[in-house]
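# An overview of the molecular structure
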Amino acid sequence: MSLSSLIVRAAVPLPKLEQYQRFLFLGPHPDDIEIGAGATAAKLASLGKELCFTVCTDGRFGLGNAPCGSTPETLISLRQEEARSSASLLGVKDLRFLPFSDGGLYEQRDLLRTIADIIGDFQPEVIFAPDPDVSSECHADHLNVGRAAKQLACFAPYPELMEAWGAKGAPVKALALYMTAKANRVINTRGFLSKQLDSVFRCHLSQFPAESDEARALRLYLRIRSADYGLRCFSSSGEGFRVLGPTHMHCLPEAGT
């Protein structure tokens, strides 16, 4: 690590996520928030924090494990029902669905404008989204939602900029990127891994049917990932995020190391 990176870390500490009260979770698809940050969401909800889950696309093309006879149109309502069950299990009362098809079949500008409206309405202090800078990530929806979150997290505190998107400003203090390869903050999620697993494997059955190879592989991965991050916070369970505060989001390349 360079000297300048060490100085940045000392001079501009990373935000401590759990000190805030209002959290917006952006998911490209109906199951992504649960997979990427479900244990953290359950913990925050248990602490009485205000959470909003926003599912940005309808998941209509996730037909691989869907019930026999499913069509893109019938899958939309099924996946929304699963998302409602999952959010309820995690303790989240505010769940919103955006009107976009998955597969990147929309204009990025429309996605930005709609997410900006959610930010202006909910007034989050922290925004969670998938990390769009992971070198192996190829899914257009993950890339698009992550990029939109980065741009709007930077602009949110400036009412004039948000007004250009037709939205209100918001007091965003931190961006927390999940499904990241460069976690710099770990949340101790001891006692909440089981809720995360239930939210995925009891609720999102159209994607992860019980005892399917995909469900078994993902369950094992989530357990191992949780244990790995748990070691970093001296716990049995943890979740890692790439966290940026307002100062880290602009003209500070050392924050990306």
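Preceding this paragraph is the structure being described.
Read on for an overview of the structure. (Residues numbered from 1 in each chain as written. Predicted model: local features only at pLDDT ≥ 70, side-chain atom pairs only at ≥ 80, totals over all residues. Heavy atoms only, no water.)

### Comments concerning the overall build of the protein
Helix and strand counts for the protein stand at eight helices and seven strands. Taking 257 residues into account, the globule formula puts the C-alpha radius of gyration at 18 Å, and the protein, at 18 Å, falls close to it. Counting only C-alpha atoms, the protein reaches 55 × 45 × 35 Å along its principal axes. Residues classed as buried in the protein amount to 52% of the 257 residues present. Contacts in the protein between residues far apart in sequence, at least 24 positions, make up 78% of those at least 6 positions apart. Taking the average place of the 27 positive charges on the side chains of the protein and the average place of its 29 negative ones, the gap between the two points comes to 8 Å. (Helix = DSSP H or I, 4+ residues; strand = E, 2+ residues; numbered from the N terminus. Rg over C-alpha atoms; globule rule 2.2 N^0.38 Å. Buried < 20%, exposed > 50% of the residue type's maximum accessible area, 1.4 Å probe, protein only. Contact = heavy atoms within 4.5 Å. Lys, Arg positive; Asp, Glu negative; His and termini not counted. Charge placed at Lys NZ, Arg CZ, Asp CG, Glu CD.)

### Examining the environment of Val243
Positionally, Val243 belongs in strand β7 (residues 238-244). In the structure, Val243 is positioned 123 residues away from Gly120 in sequence and 21 Å away in space, judged by C-alpha atoms. If sequence neighbours within four positions are ignored, Val243 has contacts with Leu14, Pro15, Leu17, Leu175, Ala176, Asn184 and Arg185.

### Observations concerning the sheet that holds β7
Strand order in the open sheet made by the seven strands is β3-β2-β1-β4-β5-β7-β6, with mixed pairing throughout. At either end of the open sheet lies a strand with only one pairing partner, and these are β3 (94-100) and β6 (185-188). Between one strand axis and the next, the sheet turns through 25 degrees on average, direction left out of account. Here strand β5 (residues 174-178) runs beside β7; their pairing, made up of three bridges, is antiparallel. (Pairing = 2+ DSSP bridges. Axes fitted to C-alpha atoms, helices over the stretch in contact; angles between N-to-C directions.)

### A closer look at the packing of helix α7 (residues 193-201) against helix α8 (residues 213-232)
The interhelical angle for the contact between α7 and α8, taken along N-to-C directions, is 160 degrees, at an axis separation of 11 Å. As judged from the angle between their axes, α7 and α8 are roughly antiparallel. Where α7 crosses over α8, the two elements pack in a sense that is right-handed. Judged by residue contacts, Leu193, Gln196, Leu197, Val200 and Phe201 of α7 engage Ala215, Leu218, Arg219, Leu222, Arg223, Arg225 and Ser226 from α8. Here the residues of the contact of α7 with α8 sort into seven nonpolar, two polar and three charged. (Parallel < 35°, antiparallel > 145°, perpendicular 65-115°, else oblique. Left-handed = near helix turned anticlockwise from the far one by under 90°. Nonpolar A, V, L, I, M, F, W, Y, C, P; charged D, E, K, R; others polar.)

### Some remarks on the pattern of salt bridges
Within the structure shown, the criterion is met by 10 salt bridges. Measuring nitrogen to oxygen at the nearest pair gives 2.9 Å for the salt bridge that ties Asp94 to Arg96. Taking the relative accessible area as the measure of exposure, Asp94 reaches 22% and is therefore partly exposed. Note that Asp213 and Arg216 form a salt bridge whose closest N and O atoms lie 2.5 Å from each other. (Salt bridge = Lys/Arg side-chain N within 4 Å of Asp/Glu carboxyl O.)

### Remarks on helix α4 (residues 108-122)
Helix length check: α4 (15 residues) gives 21 Å between terminal C-alpha atoms against 21 Å at 1.5 Å per residue, within 8%. Taken residue by residue, α4 has Leu111, Leu112, Ile115, Ala116, Ile118, Ile119, Gly120 and Phe122 as its buried positions. Of the residues flanking the end of α4, it is Gln123, one or two places downstream, whose phi is positive at about 60 degrees. (Expected span 1.5 Å × (residues − 1).)

### Points about the pairing of β5
For β5, the tally of buried residues reaches five of five residues, placing the bulk of the element in the interior. Both faces of β5 are covered, namely the face carrying Ala174, Ala176 and Tyr178 and the face carrying Leu175 and Leu177. Of the strand pairs in this sheet, strand β4 (residues 126-130) and β5 are connected by five bridges, and their pairing is parallel. Note that in β5 the partner of Pro130 across the bridge is Tyr178.

### Considerations on the side chain of Arg242
One can find Arg242 in strand β7. Here Arg242 sits buried without a salt bridge, and the closest side chain of opposite charge, Asp131, lies 6.0 Å off (N-O distance). At 3.3 Å, the side chain of Arg242 and the backbone oxygen of Lys182 are in polar contact. (Polar contact = N/O pair within 3.5 Å; in protein donor to acceptor, adjacent residues only side chain to side chain.)

### Examining the nonpolar core
One finds Leu26, Leu111, Ile115, Ile119 and Ile127 to be the most contacted residues of the largest nonpolar core, which totals 32 residues. Going through the elements one at a time, β1 (22-27), β2 (50-57), β3, α4, β4, α5 (140-155) and β5 are the ones with two or more residues in this core. Ranked by residues supplied to this core, first place goes to α4 with seven residues. Not counting chain neighbours up to four residues away, the residues in contact with Ile115 comprise Leu26, Cys56, Leu98, Ala148 and Leu152. Formed by 27 residues, the second largest nonpolar core is a distinct cluster that contains Tyr20, Ile33, Ala87 and Val126. (Core = buried A, V, L, I, M, F, W, Y, C linked by side-chain atoms within 4.5 Å.)

### Let's talk about the pairing of β3
On a regular strand, each side chain points to the face opposite its neighbour's, so the side chains alternate between the two faces of the sheet. Relative to β3, β2 runs parallel, the two sharing five bridges. Within β3, the position partnered with Cys52 by the bridge is Asp94. Chirality of the crossover, the property in question, places the unit of β2, helix α3 (residues 72-90) and β3 among those that are right-handed. (Right-handed = clockwise from strand over helix to strand, strands pointing away.)

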